[in-house]
Amino acid sequence: EAGVVQSPRYKIIEKKQPVAFWCNPISGHNTLYWYRQNLGQGPELLIRYENEEAVDDSQLPKDRFSAERLKGVDSTLKIQPAELGDSAVYLCASSLAGGNQPQHFGDGTRLSIL
Amino acid sequence: AQSVSQHNHHVILSEAASLELGCNYSYGGTVNLFWYVQYPGQHLQLLLKYFSGDPLVKGIKGFEAEFIKSKFSFNLRKPSVQWSDTAEYFCAVNHNNNDMRFGAGTRLTVKP
């Protein structure tokens, strides 16, 4: 099966600029996650979708971050404006519904803010 | 605060040595437990998982993990590591079928 596809792989922008990441989950996976991974740390959940509904966005900095999953398939994560501290790897994952289901991860987008 | 703790930041072993990576969590209630591995230049992959039944679970590539409920632990083991096991290993806990948290990861370097 095709895996989780993310683009772009790398993004370099200046602070205060906007940036967007795209994710295409595994076909049939209703649950989609966005994580942020800082250097030397594990992934931290930003938002979780069940189909098109955001069911957990408690860790999403809503003043500058937004996400959408139209039609319950692809998803985009946006930062506007970006700050220096946003430099990280942004990971997308998908799974079947249920807490015992393993998550399948994409390769991530490495964001560098100048 | 509730958390997932991995005791070792970096472990260095020689080939054929035995491996044990520690993972402790502080959640009560229902937990589903996972170990993920990230090989250099690759994405995170599932190594093994536990959600019920036999607390000793076997995963891919000869890895196993034991869930000890009384110790809130889910340590990862392998009897004899290979150079190809060099990677970063993440413990993850899904709490009450809802809230997924990852540990900070343990970097394993296996010397040939």
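Look a little higher up for the structure.
Here the structure is a predicted model, which means the values were calculated and not measured.

Draft legend 1. Molecular detail of the sheet that holds strand S8 (residues 75-79) of chain A. Residue and element names in this part refer to chain A. Strand order in the open sheet formed by 4 strands is S1-S3-S8-S7, and the pairing between neighbours is antiparallel. Of all strands in the sheet, those with a lone pairing partner are strand S1 (5-7) and strand S7 (65-68), marking the two edges. Taken pair by pair, the neighbouring strands of this sheet meet at an average axis angle of 15°, ignoring direction. Two elements, S1 and strand S3 (residues 19-24), share 3 bridges in a ladder whose sense is antiparallel. Following the sheet pairing, serine 7 is matched in S3 by tryptophan 22.

Draft legend 2. Expanded view of the nonpolar core. Judged by nonpolar contacts, the single largest core of 29 residues is most densely connected at Leu33(B), Trp35(B), Leu47(B), Leu48(B), Phe74(B), Leu76(B) and Tyr89(B). In contact with Leu33(B), not counting residues within four places along its chain, are Tyr25(B), Leu48(B), Lys49(B), Tyr50(B), Phe67(B), Phe74(B), Ala92(B) and Val93(B). Residues Ile13(A), Trp34(A), Ile79(A) and Ile113(A) belong to the second largest nonpolar core, which totals 21 residues.

Draft legend 3. Representation of unusual backbone geometry. All names here are of chain A. Residue proline 8 is bonded to the preceding serine 7 through a cis peptide linkage, with omega at -10°. Along the chain, proline 8 turns up in the loop between S1 and strand S2 (10-13). At the junction of glutamine 80 and proline 81, the peptide bond is cis and its omega measures out at -5° in the coordinates. One can find proline 81 in the loop between S8 and strand S9 (88-95).

Draft legend 4. Geometry of the pairing of strand S4 (residues 31-37) of chain A. Residues and elements named next belong to chain A. Of all 7 residues in S4, 7 are buried; the element is thus mostly enclosed. Strand direction decides the pairing type here: S4 and strand S5 (residues 44-50), joined by 6 bridges, are antiparallel. From the neighbouring strand, leucine 32 faces S5, where its bridge partner is tyrosine 49. Connecting S4 to the next strand, S5, in antiparallel fashion are 6 residues, including glycine 40 with a positive phi near 80°. Where S4 and S9 come together, 7 bridges link them in antiparallel fashion. When the sheet's bridge partners are listed, threonine 31 is paired in S9 with serine 95.

Draft legend 5. Quick peek at the pattern of salt bridges. Under the counting rule described, the total for this entry stands at 9 salt bridges over all chains. One salt bridge in this structure joins Lys62(A) and Asp57(A), with 3.8 Å as the shortest N-O distance. Across the salt bridge formed by Lys58(B) and Glu64(B), the nearest N and O atoms sit 2.9 Å from each other. A relative accessible area of 64% places Lys58(B) in the exposed class. Taking relative accessible area as the criterion, Glu64(B) reaches 18% and is therefore assigned buried. One connected set of salt bridges, linked through shared partners, spans Lys58(B), Glu64(B), Glu66(B) and Arg77(B).

Draft legend 6. Up close: the layout of surface pockets. Considered as a void within the structure, the largest pocket measures approximately 550 Å³ in volume. Taken together, 30 residues line the largest pocket, and the ones lying closest to its centre are Gln37(A), Leu39(A), Val89(A), Arg110(A) and Gln38(B). For the lining of the largest pocket, the elements supplying multiple residues, two or more each, are S9 and strand S11 (109-113) of chain A together with strand S10 (87-95) and strand S12 (106-111) of chain B. Broken down by element, the residue count for the lining of the largest pocket peaks at 4 residues, all from S11(A). Of the residues that constitute the lining of the largest pocket, the class distribution is 11 nonpolar, 14 polar and 5 charged. Lining the second largest pocket are 15 residues, and of these Gly3(A), Ile26(A), His104(A), Phe105(A) and His43(B) lie nearest its centre. For the lining of the second largest pocket, the elements supplying multiple residues, two or more each, are strand S10 (104-105) of chain A together with strand S6 (45-50) of chain B. For the lining of the second largest pocket, the class distribution of residues is 7 nonpolar, 6 polar and 2 charged.

Calculation criteria
- Throughout this document, residue positions are counted from 1 along each chain, in the order its sequence is written.
- Both sets of labels track the order of writing: A upward for chains, 1 upward for ligands.
- This being a predicted model, a pLDDT of at least 70 is required before a residue's local features are given, and a value of 80 or more before pairs of side-chain atoms are given or counted; all residues contribute to the totals for chains, interfaces and linings.
- Only hydrogens and water are set aside when side-chain values are computed; all heavy atoms of the structure are taken into account.
- Any two strands with at least two DSSP-identified bridges between them are counted as paired.
- The way it works is that DSSP assigns letters per residue, a run of H or I at least four long becomes a helix, a run of E at least two long becomes a strand, and they are numbered from the N terminus.
- Geometry is summarised by axes, namely lines fitted to C-alpha atoms with helices restricted to the contacting stretch, and by angles between N-to-C directions that run from 0 to 180 degrees.
- Residues enter a nonpolar core if they are buried and are Ala, Val, Leu, Ile, Met, Phe, Trp, Tyr or Cys, with the set joined through side-chain atoms within 4.5 Å.
- Accessibility here uses a 1.4 Å probe with only protein chains present; expressed as a share of the type maximum, an area under 20% marks a residue as buried, one over 50% as exposed, and anything in between as partly exposed.
- Residue contacts are defined here by distance: any two heavy atoms, one from each residue, within 4.5 Å place the two residues in contact.
- When a carboxyl oxygen of Asp or Glu lies within 4 Å of a side-chain nitrogen of Lys or Arg, that pair is called a salt bridge.
- Only protein atoms enter the 1 Å grid, on which a cavity is a set of points fitting a 1.4 Å probe that cannot get out and a pocket is an open set with protein on both sides within 12 Å along at least 5 of 7 lines, lining residues being those with an atom within 4 Å of a point.
- Grid points are joined across faces, edges and corners, and a volume is the space filled by probe spheres set on the points.
- Note that Gly is not counted as nonpolar here; it falls among the polar residues with everything else outside the nonpolar set of Ala, Val, Leu, Ile, Met, Phe, Trp, Tyr, Cys and Pro and the charged set of Asp, Glu, Lys and Arg.

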